[in-house]
Amino acid sequence: PGHLLRRANQIIIGMFVEEIGDLNITPVQFASMVVIAEHPKIDATRLSELVALDRSTVGNVIERLEDKGLVSRTPSRDDKRVKLIQLSRKGEEALALCTPAVERSQERFLASLKPADRANFMRLLAALVHLNNEHSRAPLRLSDDVA
């Protein structure tokens, strides 16, 4: 399954890149922008938990998004060492442009399956990811009370 999942990832990323075109956003940047949009003024630690990325990777993603003018960082009022991240107006516009392209790439990837098989594939894939989450180098943390 590892090889097939890696191949599936390569294929869907290829479709993502084709659909995104000149918008110059990576899948990880897109996922981060979605989470930032859902959680304005989020800190890097929480972002890394919600996107399931290690801290150094999320730091690089934030820097690239900031360099592109898609996010801004401001010091927290409670702790000046903590920077809070939010989408800029340009970031909101880019996210609005990217979202339909990402949806098209996902639809293209699943299109060769029958509708019932699509639903079953997604259900099984979600179950595998959820049940094996703790084996990841960067487990997904959806709840604030999870350490």
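In the block above lies the structure referred to throughout.
In this text the structure is predicted, and so the values were computed from the model without any measurement. (Residues numbered from 1 in each chain as written. Predicted model: local features only at pLDDT ≥ 70, side-chain atom pairs only at ≥ 80, totals over all residues. Heavy atoms only, no water.)

Here Met33 lies in helix α2 (residues 27-38). Between the C-alpha atom of Met33 and that of Leu84, which follows or precedes it by 51 residues, the distance is 13 Å. Those residues in contact with Met33, other than ones at most four positions away along the chain, are Ile25, Leu65, Leu70, Leu87, Gly91, Ala94 and Leu95. (Helix = DSSP H or I, 4+ residues; strand = E, 2+ residues; numbered from the N terminus. Contact = heavy atoms within 4.5 Å.)

Sheet topology note: the strand β1 (residues 42-43)/strand β3 (residues 83-87) ladder contains 2 bridges and is antiparallel. Opposite Asp43, over in β3, you have Leu84 as the bridge partner. Where strand β2 (residues 71-75) lies against β3, 5 bridges are found, and the strand directions are antiparallel. The residue of β3 that forms the bridge with Arg73 is Ile85. (Pairing = 2+ DSSP bridges.)

In this section: the side chain of Ser88. Tracing the chain through its elements places Ser88 in the loop between β3 and α5 (89-110). Within polar-contact distance, the side chain of Ser88 engages the backbone nitrogen of Gly91 at 3.0 Å. Once residues lying within four places of it in the same chain are set aside, the contact partners of Ser88 are Gly69, Leu70 and Val71. (Polar contact = N/O pair within 3.5 Å; in protein donor to acceptor, adjacent residues only side chain to side chain.)

Its 12 residues give α2 an end-to-end C-alpha distance of 17 Å, which sits within 8% of 16 Å, the value for a rise of 1.5 Å per residue. Three or more residues of α2 are buried, namely Gln29, Phe30, Ser32, Met33, Val35 and Ile36. (Expected span 1.5 Å × (residues − 1). Buried < 20%, exposed > 50% of the residue type's maximum accessible area, 1.4 Å probe, protein only.)

Further remarks concern the pattern of salt bridges. Tallied over the full model, the rule gives 7 salt bridges. Here Glu19 makes a salt bridge to Arg104, at a shortest N to O gap of 2.7 Å. Of the two residues, Glu19 sits in helix α1 (residues 2-20) while Arg104 sits in helix α5, which places them 85 residues apart along the sequence. Residue classification places Arg104 among the partly exposed positions, given a relative accessible area of 38%. Residue Arg46 pairs with Glu49 through a salt bridge whose shortest N-O separation is 2.9 Å. Here Arg46 pairs with Glu49, and both are found in helix α3 (residues 44-51), just 3 residues apart, close to one helical turn. On the basis of relative accessible area, Glu49 is assigned to the partly exposed category, the value being 21%. Sharing partners across several salt bridges, the network here consists of Glu18, Glu19, Arg104 and Arg108. (Salt bridge = Lys/Arg side-chain N within 4 Å of Asp/Glu carboxyl O.)

Our focus in this paragraph is helix α4 (residues 55-67). With 13 residues, α4 ought to run about 18 Å at 1.5 Å a step, and its terminal C-alpha atoms sit 18 Å apart, in line with that. The set of residues buried in α4 consists of Val58, Val61, Ile62 and Leu65. Each buried residue of α4 sits inside an arc of 100° when the element is viewed along its axis, so together they form one side. The exposed set on the far side of α4, more than 90 degrees from its buried face, consists of Ser56 and Asp67. Where α4 is buried, its residues contact α2, α3, β2 and β3. Gly69 sits one or two residues past α4 and shows a positive phi near 80°. (Arc of directions from axis to C-beta.)

Function cannot be inferred from these measures alone, as they are strictly geometric.
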